[in-house]
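Notes for the structure review
In case you want the letters, here they are:
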Amino acid sequence: MKLLQTIIAPQESVNDDYLSVLKIYLNQGDKVEKDSLIAEIEASKALIEIRSDYDGYIEILVEEDKDYAVGSEMFKIFDSKIDNELKLTEKKIENINSENDLLENNLDLKNLSVNFSNRALSLIKEKKIDIVKFQNYSYVTSNDINNLLSDDLELKTDKIQKSVVKEYSEKIINNTEIENFKFSKSKKTENEYLKIVNSSSVISRLSVDVKIGSSEKISHVQKLISSTPLPLLIFEVSRLLIKYPNLNSFHNNDSKSIYKSVNIGIAFDDGKNGLKVAAVKNADKLNLNSIENKIIDLTTSYVNNKLDKSTLTSSTFTITDLFNSEVSTFHPLVNVNNSSILGVSSLRNSHFNLDLSFDHRITNGKEVSLFLGELKNRLENIFSSPNFDFLDKSKVNCTKCFRDISDDNNGSIYFQKVINNNTNGYLCSICLNGW
Amino acid sequence: MAINHRIIKEIIRIRIVEQAFLNLFSEGKLNGTVHTCIGQELSAASFAGQISKRDFVFSNHRCHGHYISYTKEWKPLILELLGKSSGVCGGVGSSQHLHKYNFFSNGIQGGIMPVAAGFALGNKIKKNNNIGIVYIGDGTLGEGAVYETLNFISKKEIPLLVVCENNSYAQSTPIDYTLSGSIKARAKAFGIEFRESNTFNLDNNILGEAKSSIEYVRQNSKPLFHLVNTSRLKAHSKGDDDRDEKEIKELEKKDFLNNLIESDKEHFGAIIEKIKKEVDLFIDESLDLNEMSFENYLEENGEQKKIDYSIYNLHKERQIKLLNSVFHNLMKNNNSIFIGEDILDPYGGAFKVSKGLSTKFPDRVIGTSISESLIAGVANGLALNGFKPYAEFMFGDFTALAFDQLINHSSKFYNMYNKKVNCPVVFRTPMGARRGYGPTHSQSLEKHFVGMDKFEIIALNKYLDPKIVYDYLEERTHPTLLIENKTDYAKKPNLNLPNKFKLYITNEDIPNLIIKPPNDSKITSTIITYGGSSEIVLDNIEKLFYEKDQLIQVLILTKIDPLPESFILENITENTKVITIEEGTERGTIGNNIISLIAKNNTNNHFYSLSSHDNIIPSVKSLEDNVLPSINRLMKIL
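Please read all numbers here as calculations on a predicted model, not as lab measurements.

Cut-off values and rules
- Residues numbered from 1 in each chain as written.
- Chains lettered and ligands numbered in written order.
- Predicted model: local features only at pLDDT ≥ 70, side-chain atom pairs only at ≥ 80, totals over all residues.
- Heavy atoms only, no water.
- Helix = DSSP H or I, 4+ residues; strand = E, 2+ residues; numbered from the N terminus.
- Buried < 20%, exposed > 50% of the residue type's maximum accessible area, 1.4 Å probe, protein only.
- Contact = heavy atoms within 4.5 Å.
- Areas by Shrake-Rupley, 256 points an atom, 1.4 Å probe, with all protein chains shown as cover.
- 1 Å grid on protein atoms, 1.4 Å probe; cavity = no way out; pocket = protein on both sides within 12 Å on 5 of 7 lines; lining within 4 Å.
- Points joined across faces, edges and corners; volume = space filled by probe spheres on them.
- Nonpolar A, V, L, I, M, F, W, Y, C, P; charged D, E, K, R; others polar.
- Domains from an automatic or database assignment.
- Arc of directions from axis to C-beta.
- Pairing = 2+ DSSP bridges.
- Axes fitted to C-alpha atoms, helices over the stretch in contact; angles between N-to-C directions.
- Buried area = accessible area lost by both parts, 1.4 Å probe.
- Salt bridge = Lys/Arg side-chain N within 4 Å of Asp/Glu carboxyl O.
- Polar contact = N/O pair within 3.5 Å; in protein donor to acceptor, adjacent residues only side chain to side chain.
- Phe/Tyr/Trp six-rings, centres within 6.5 Å; stacked < 30°, edge-to-face > 60°.
- pLDDT = per-residue confidence, 0-100.

1. Quick look at the overall build of chain A
Within chain A, the regular secondary structure consists of 10 helices and 21 strands. The buried share among the 435 residues of chain A stands at 43%. For chain A, the share of sequence-separated contacts (at least 6 apart) that also reach a separation of at least 24 residues comes to 60%. As displayed, chain A has an accessible area near 23900 Å², and 48% of this comes from carbon and sulfur atoms.

2. Quick word on the layout of surface pockets
All names here are of chain B. For the second largest pocket, the calculated volume is near 1200 Å³. Every residue lining the second largest pocket is counted, 34 residues in all, and those nearest its centre are N301, Q304, E456, K559 and P562. Residue composition of the lining of the second largest pocket, by class: 12 nonpolar, 8 polar and 14 charged. Of the domains in this structure, domain 2 (309–485) and domain 3 (502–598) are the two that each give at least three residues to the lining of the second largest pocket.

3. Concerning unusual backbone geometry
Residue and element names in this part refer to chain B. Backbone torsion omega between D345 and P346 reads 0°, so that peptide bond is classified as cis. Take P346: it is sitting in the loop between strand 11 (336–341) and helix 15 (357–360). Non-glycine residue N129 carries a positive phi angle of around 65°. Here N129 lies in the loop between helix 5 (112–126) and strand 4 (132–137). With phi around 65°, K419 is a residue other than glycine that occupies positive phi space. Examined against the element boundaries, K419 turns out to sit in the loop between helix 17 (403–416) and strand 14 (426–431).

4. Considerations on helix 2 (residues 118–127) of chain A
Residues and elements named next belong to chain A. Taken residue by residue, helix 2 has A120, L121, L123 and I124 as its buried positions. Taken down its axis, helix 2 places every buried residue within 160° of arc, on the same side. What points out from helix 2, more than 90 degrees from its buried face, is the exposed set R119, K125 and E126. At the exit of helix 2 stands K128, carrying a positive phi of roughly 55°.

5. Topic: the sheet that holds strand 14 of chain B
All names here are of chain B. In spatial order, the strands read 12-11-13-14-16-15-21; together these 7 strands make up an open sheet with mixed pairing. At either end of the open sheet lies a strand with only one pairing partner, and these are strand 12 (365–368) and strand 21 (559–561). Put simply, the sheet's adjacent strands are angled 25° from each other on average, direction ignored. Two elements, strand 15 (residues 456–459) and strand 21, share 2 bridges in a ladder whose sense is antiparallel.

6. Looking at the interface of chain A and chain B
Between chain A and chain B, the contact holds 36 residues from the first and 34 residues from the second. Taking both partners together, chain A and chain B bury about 2900 Å²; carbon and sulfur atoms supply 44% of that area. Considering only the side of chain A, the residues that lose the most area to chain B are A:N15, A:Y18 and A:Y139, jointly responsible for 25% of the buried surface there. Here chain A and chain B share 4 salt bridges between them. For B:R318, the salt bridge is made with A:E42, and the minimal N-O distance between the two is 3.5 Å. Where chain A packs against chain B, one counts 13 residue pairs in polar contact (both at pLDDT 80 or more). Among the elements of the structure, strand 2 (18–24), helix 1 (99–106), strand 9 (115–116), helix 2, strand 10 (139–140) and helix 3 (142–170) of chain A are those that each provide at least two residues to the side of chain A that touches chain B. Per-element tally for the side of chain A that touches chain B: the top contributor is helix 3 of chain A, with 4 residues. Taken together, the residues that form the side of chain A that touches chain B break down as 11 nonpolar, 18 polar and 7 charged.

7. As for the sheet that holds strand 17 (residues 317–321) of chain A
All names here are of chain A. With respect to topology, 6 strands assemble into an open sheet ordered 12-19-18-17-15-16, the strand pairing being mixed. The open sheet has two edge strands with one neighbour each: strand 12 (203–211) and strand 16 (276–280). Geometrically, the sheet is characterised by an average inter-axis angle of 25° between neighbouring strands, direction not taken into account. Alignment of strand 15 (residues 264–268) against strand 17, held across 3 bridges, turns out to be parallel. Of the residues in strand 17, the one forming a bridge with I264 is F317.

8. A look at the packing of aromatic side chains
All chains considered together, the criterion is met by 35 aromatic pairs over all chains. Centroid distance A:F323 to A:F352: 5.5 Å. Interplanar angle 85°. Geometry classified as edge-to-face. Of the two residues, A:F323 is situated in the loop between strand 17 and strand 18 (340–348) and A:F352 in strand 19 (residues 351–359); the sequence distance between them amounts to 29 residues. The class for A:F323 is buried, based on a relative accessible area of 6%. Assessed through its relative accessible area of 2%, A:F352 is described here as buried. A centroid spacing of 6.5 Å and a plane angle of 45° characterise the contact between B:Y390 and B:Y470, whose relative ring orientation is tilted. Residue B:Y390 is found in strand 13 (residues 388–392), and its partner B:Y470 is found in helix 18 (residues 466–475); the two are separated by 80 residues along the sequence. Among the residues examined, B:Y390 registers a relative accessible area of 0% and is labelled buried. The exposure class of B:Y470 is buried, given its relative accessible area of 1%.

9. What to know about empty space enclosed by the protein
All names here are of chain B. Counted according to the given criterion, the structure contains 6 cavities of 30 Å³ or more. Volume-wise, the largest cavity comes out at about 110 Å³. Element by element, the count of residues in the lining of the largest cavity is highest for strand 16 (residues 480–485), at 3 residues. Split by residue class, the lining of the largest cavity holds 5 nonpolar, 6 polar and 3 charged. Here the lining of the largest cavity spans two domains, and each of domain 2 (309–485) and domain 3 (502–598) adds at least three residues to it.

10. Remarks on the confidence of the model for chain A
Low pLDDT means the predicted atomic positions in that stretch should not be read closely. Residue and element names in this part refer to chain A. The share of residues in chain A with pLDDT of 70 or more is 82%, and the mean pLDDT across the chain is 80. Ranking the helices and strands of chain A by mean pLDDT puts strand 17 first, with 94, and helix 1 last, with 46. Residue range residues 85–107 is modelled with pLDDT below 50. Its contacts to residues more than four positions away, or to other chains, number 27 contacts.

Here it is as structure tokens:
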């Protein structure tokens with residue numbers, strides 16, 4: 001079988017890129033004579049007749065009503081009968097360069113009819129993304145992948161937030177941590193009565209203001225933190241709570257559960273990591289320096305989102321510190337499984353405000369005002385004492401019992417200046433409490 | 001020779017009005033300048049004054065006399081020059097741009113000739129026995145359009161009377177300095193009947209001679225060139241008269257009207273007084289009238305209707321076949337004219353768009369000499385006479401030769417004549433390269449025509465059925481520049497869209513096409529293109545997705561000037577790339593206009609534009625391919 005002639009699609013005019021096959025007058029493998037009409041093809045400006053230059057047998061490579069590029073092979077004339085096994089070769093369509101890529105891209109995605117761009121695919125492999133997330137897309141670019149990743153980050157943060165809240169609210173506090181006291185009948189009646197107007201929770205609030213002079217005083221008292229009196233507050237509050245256990249408890253159906261330990265919760269919210277309360281555990285047993293260190297640790301952990309569950313769920317009393325804001329007074333919201341919360345406002349005219357919101361079902365206005373009054377006194381005394389240095393061991397003695405600061409093993413002793421007729425000096429808290 | 005008294009009064013009136021204009025100008029009450037015809041009034045009265053209102057007059061900058069003689073009105077002219085809204089053209093056109101009844105004047109020398117020829121041709125086709133006059137000056141004989149027209153009117157036997165007022169000066173240049181040969185020989189060379197008169201003295205019977213020429217043109221339906229020797233007594237415009245005092249004095253002595261008045265001072269003196277009083281009184285009354293308000297001047301664009309999108313099914317024919325059948329259809333309308341070079345059968349046009357038309361519609365298919373300016377001018381004239389002309393420039397590059405007609409005539413008529421006329425010509429031409437035709441046969445010049453008043457520039461593309469565009473154009477009443485693409489002519493709209501991509505067409509007056517990926521996927525870039533460049537994108541959507549990580553939607557604009565703002569803006573989302581593609585060269589592109597439009601409305605897109613490199617289009621294929629926009633260059637940009 002010898003090839004005599006290959007007839008290609010001719011360029012009739014400058015303006016043609018391809019031609020249309022109008023009619024083919026022969027069938028595959030037919031005998032053809034020299035000069036006989038094989039087909040008619042249409043160019044942009046004329047009709048062209050295709051004729052054979054030889055006698056022979058024709059192989060037809062094109063189809064009627066289809067277009068073929070100028071220069072492509074249309075017919076072949078052989079000298080002898082064409083093998084029956086000869087198959088029609090189909091002309092490739094010009095723009096199919098991405099077909100192979102298509103297959104490659106969708107090899108493992110055959111079940112989803114989603115198309116991924118090359119870059120998207122490599123991102124998926126790199127970041128190990130679950131492609132099922134894209135099952136509702138028809139076309140996915142790297143842009144879509146990046147959007148998904150950034151969305152995820154937000155979701156992650158939100159998830160943690162939700163889990164914390166859940167934990168907190170669902171926490172079952174076991175009996176080793178609390179002591180239960182059933183409400184007296186009269187107290188119950190009082191609660192019901194208050195509920196009528198105030199609904200199921202009965203939160204009230206009392207305020208005192210504390211004079212400290214300038215904010216420089218803070219650094220006289222606190223060695224590490226000078227921007228807020230929070231460490232000192234935690235120190236004083238934790239010790240006072242031992243005297244006022246009602247404020248270290250929570251409402252539990254028809255009883256109040258008083259915590260056995262004092263864990264002061266600090267409220268954190270930097271706008272990014274969400275509102276969280278981290279506990280300084282057993283704050284009543286820590287000295288001021290330790291408390292300062294603990295605050296620093298907790299802050300770092302919060303910022304890095306590394307606060308553990310236990311820290312986040314063990315506060316028995318919470319402090320919200322807005323000392324470094326413009327807030328003059330506010331109504332803090334009592335935390336779950338707490339009965340009280342102390343809000344610290346900003347320094348104005350050498351004073352700052354303390355607002356204490358409390359659950360009236362457990363305590364009452366009288367008790368809270370006493371608590372606040374004592375807290376105010378202790379704070380003002382410390383701030384008004386000139387150059388008083390907790391850590392300076394040499395300076396102070398109790399005039400009554402001659403205790404000095406070195407006797408303070410756990411920071412629970414404080415000294416107060418006393419002026420009366422006979423003595424000018426300091427009395428330690430132990431002696432003072434005796435009064 | 002006894003002259004009709006009415007005509008004398010007319011001439012006196014013209015002179016007095018012109019003098020009044022000169023006075024008003026000196027008083028600072030005219031905005032602009034005047035070109036008075038003092039000394040040439042007889043020419044106006046003889047020709048424009050002796051035809052009927054069914055005939056037409058085209059005049060030039062020195063048109064006041066012609067206007068008054070033809071319309072027999074003078075008050076609207078004064079109002080026009082004073083800039084009043086009740087003037088001939090609302091004060092918009094003023095001295096040089098007047099239109100009333102069938103009187104047209106334009107300030108472009110030479111350009112009025114082919115327009116006048118077109119108007120006259122229109123009369124011939126209508127067989128209405130109307131004729132026309134076009135006034136030119138000796139100075140006009142410098143412009144090429146004059147000769148293109150003389151050739152045309154002679155060959156086609158068009159009933160146009162060319163009156164050449166020879167006052168021996170082209171502005172300040174004496175005619176001897178620039179004019180070679182003789183004026184008579186010019187007319188004779190084109191085989192046009194030539195006659196000559198002068199306006200100097202009563203013995204010369206210019207009125208009779210003019211009448212005779214008018215008769216000639218009307219009876220024989222053939223052109224005539226009538227040279228009128230005359231003199232301009234005042235400056236070309238105002239204050240630019242450097243002629244010797246003595247010379248002017250001589251001319252004044254020769255002046256017909258001066259002599260006439262001399263002959264009977266008392267009689268004519270009284271007439272002059274009367275007319276002067278009338279004119280002065282009218283001027284006084286008119287000085288305080290209103291000028292046109294800005295709101296009336298600017299036309300508001302119509303309310304934009306909401307755009308709807310529907311799936312568009314592609315036709316299967318070659319574009320050239322469709323275009324040819326479109327024209328066979330359009331020409332059935334007796335108002336349609338097809339005019340161009342080399343369009344007659346059997347050749348049927350360079351790209352065969354007009355094949356078969358001249359056989360079927362011999363009266364209205366007009367083949368011309370190689371004269372693009374003439375083609376455009378004649379089309380303009382035909383349009384003014386109520387026809388719908390389709391004018392072809394064989395190659396887009398040749399459009400340059402017709403630029404004056406496009407920008408100073410087609411574009412101006414509507415507004416400078418205060419919205420009283422329409423010029424609905426479709427100027428169509430193939431632009432584009434990829435055939436190796438070289439630098440002057442491959443350009444895409446549409447960007448140079450952007451911004452002409454009342455013009456729309458529209459580009460065909462191989463996907464949109466041209467019938468849709470031509471249906472719109474058939475109804476359109478303002479001029480259009482229609483860009484076709486050489487290489488698209490031979491093509492069929494082969495389109496293989498990737499899975500789930502759809503092709504939509506809008507329901508705008510001129511529909512646009514848009515290709516969108518499915519709604520469930522996020523578009524990363526929008527490509528905006530038109531004409532022959534659309535193919536570059538549409539053939540490569542998948543490639544751009546897989547290899548360049550871009551999920552694109554494509555806007556194929558049909559109208560590219562003014563841009564379809566709503567269509568473009570409502571389809572661009574923030575934070576996506578926008579790429580414009582066109583075949584024109586880099587500077588001052590249509591793409592720049594598109595980007596500017598989007599940037600004024602969005603703040604968050606990244607813009608890219610792909611156009612031909614800032615160079616000429618070379619002939620050799622490899623260079624040509626690299627200069628023009630291509631998929632490779634597009635891939636590089638992304």
